[in-house]
Amino acid sequence: LNLRDSHYDIALEPTHKFAGAYCNFGGLNNVSPEDIKHLAHELSELVHPGGKVVLVVMGKFCLFETLYYLLKGHFKRALRRLRGTQKGGVSARVAPKTNKQQVYFYSMSFLEETFNSTNAFVTIKKKAIGLTLPPSLWSRSSSKRMHPYLLVLLSWVDSLLSDIGCLGILETTF
């Protein structure tokens, strides 16, 4: 995704502003760090002062994913999120039977610093989600075999832990 060639060129219509922007579950993980910085500046022009921007991004570590791949003996894949940080990303398939593409795993601090550096955004709330829930790679198979009450329990624990800042290193998604 090359945001610099976006058809939403704010220079053409600077009077059109939005109440907010929302990006859910990993869309920004396919955007390079340079383009994240560009996006932050674009959004600072496109979102009304006081508007909200909500970003849901796959973090640098996922306990379940790491354990899953370690138990399968896929050590390189188990540590891919740590390798695929802001530097150069990792080449990965984001869905079965698709071509590989660059995926970047961002820290909360990188996104916070990048968006706050525009002087248009202030962090209101950070929240980790998916701390105790199996990632999507499990949900297609293993969670169907899990007892429904176990998933309810894990979801409840996840909601309790999601606001605890010191657990930021365990974020799967935030």
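Sequence order sets the numbering: in each chain, residues are counted from 1 along the sequence as written. Only residues with pLDDT of 70 or above have their local features reported here, since the model is predicted, and side-chain atom pairs are shown and tallied only from 80 upward, although totals for entire chains, interfaces and linings are computed over all residues. Side-chain numbers come from the whole structure's heavy atoms, not from hydrogens or water.

## Overview of the overall build of the protein
Point 1. Labels follow the DSSP assignment, with helices taken as runs of H or I lasting at least four residues and strands as runs of E lasting at least two, numbered in each case from the N terminus. What the protein contains, in helices and strands, is eight helices and four strands.
Point 2. Listing each helix as α and each strand as β along the protein from the N terminus yields β-α-β-α-α-α-β-β-α-α-α-α.
Point 3. When a residue's accessible area, from a 1.4 Å probe over protein chains only, is under 20% of the maximum for its type it is buried; when over 50% it is exposed; and in between it is partly exposed. Buried positions account for 36% of the 174 residues belonging to the protein.
Point 4. Put simply, 71% of the contacts in the protein that link residues at least 6 apart link residues at least 24 apart.
Point 5. By element, 60% of the accessible surface of the protein is carried by carbon and sulfur atoms, the whole surface being about 11000 Å². Working rule for contacts: check all heavy atoms of both residues, and any pair within 4.5 Å makes them a contact. Here the Shrake-Rupley method, with its probe set to 1.4 Å, supplies the accessible areas, and only the displayed protein chains count as covering residues.

## Quick word on the packing of helix α1 (residues 33-46) against helix α5 (residues 108-116)
Point 1. Under this scheme, a helix contributes an axis fitted over its contacting stretch, all axes are lines through C-alpha atoms, and angles between N-to-C directions fall in the 0 to 180 degree range. Close contact between α1 and α5 brings their axes to 9 Å; oriented N to C, the two are set at 40 degrees. Compared by their axis directions, α1 and α5 come out oblique. Between α1 and α5 the crossing geometry is right-handed. From α1, P33, I36, K37, L39, A40 and L43 reach across to α5, where they touch F110, L111, T114 and F115. The cut-offs work like this: below 35 degrees is roughly parallel, past 145 is roughly antiparallel, 65 to 115 is roughly perpendicular, and the gaps in between are oblique. A clockwise turn of the near helix away from the far one marks a right-handed crossing, whereas an anticlockwise turn of less than a right angle marks a left-handed crossing.

## Let's talk about the pattern of salt bridges
A side chain of one charge can pair with a side chain of the opposite charge if their charged atoms are brought near each other.
Point 1. Salt bridge, as used here, is a side-chain nitrogen of Lys or Arg placed within 4 Å of a carboxyl oxygen of Asp or Glu. One pass over the structure, following the stated rule, counts one salt bridge.
Point 2. Salt-bridge contacts for E112 lead to K126; the nearest nitrogen and oxygen are separated by 3.1 Å. Linking E112 in helix α5 with K126 in the loop between α5 and α6 (136-139), this pair joins segments that are 14 residues apart in sequence.

## What about the environment of A19?
Point 1. By secondary structure assignment, the location of A19 is in strand β1 (residues 18-23).
Point 2. Overall, the relative accessible area of 63% leaves A19 in the exposed class.
Point 3. Linking A19 and H48, residues 29 residues apart in sequence, is a C-alpha distance of 5.7 Å.

## Considerations on the confidence of the model for the protein
Keep in mind that low pLDDT regions are not for reading the predicted coordinates in detail.
Point 1. How sure the predictor is of each residue is captured by pLDDT, a score from 0 to 100. Counting all residues, the mean pLDDT for the protein is 77, and 75% of those residues have values of 70 or more.
Point 2. Predicted confidence in the protein is weakest over helix α7 (residues 142-145), with a mean pLDDT of 55, and strongest over α1, with 92.

## Remarks on α5
Point 1. Taken together, the buried positions of α5 are M108, F110, L111, T114 and F115. Projected down its long axis, α5 carries its buried residues within an arc of 165 degrees, all on one side.
Point 2. Contacts from the buried residues of α5 go to α1 and β2 (47-55). Think of it as the arc spanned by the lines of direction from the helix axis to the C-beta atoms.

## Here we look at the pairing of β1
Point 1. Two strands qualify as a pair provided that DSSP identifies no fewer than 2 bridges between them. Alignment of β1 against β2, held across five bridges, turns out to be parallel. By the bridge assignment, A21 is partnered in β2 with V53.
Point 2. Following the chain from β1 across α1 to the adjacent parallel β2, one finds a crossover that is right-handed. Handedness of a crossover: with both strands directed away from the viewer, a clockwise path from the first strand across the helix to the second marks it as right-handed.

## Some thoughts on the environment of K17
Point 1. With respect to the helices and strands, the residue K17 is situated in the segment before β1.
Point 2. Taking the C-alpha atoms as reference, K17 lies 5.7 Å from H48; in sequence the two are 31 residues apart.
Point 3. Leaving out residues up to four positions away in the same chain, K17 has contacts with S44, E45, L46, V47 and H48.
Point 4. Residues adjacent in sequence count toward polar contacts only when both atoms are side-chain atoms; beyond that, a polar contact is any pair of N or O atoms within 3.5 Å, and within protein one must be able to donate a hydrogen and the other to accept it. Within the structure, K17 has its side chain in polar contact with the backbone oxygen of E45 (distance 2.8 Å).

## What about a nonpolar patch on the surface?
Point 1. Like charges within 9 Å and nonpolar side chains (Val, Leu, Ile, Met, Phe, Trp, Tyr) within 5 Å are joined into patches, using only residues over 30% in relative accessible area that form no salt bridge. Together, L63, L67, L70, L71 and F75 give the surface a local cluster of nonpolar side chains, amounting to about 510 Å² of exposed area.
Point 2. Broken down by element, the residue count for the nonpolar patch peaks at four residues, all from helix α2 (residues 63-71).
Point 3. Positionally, L70 belongs in helix α2.
Point 4. In this structure L70 comes out as partly exposed when scored by relative accessible area, which is 35%.

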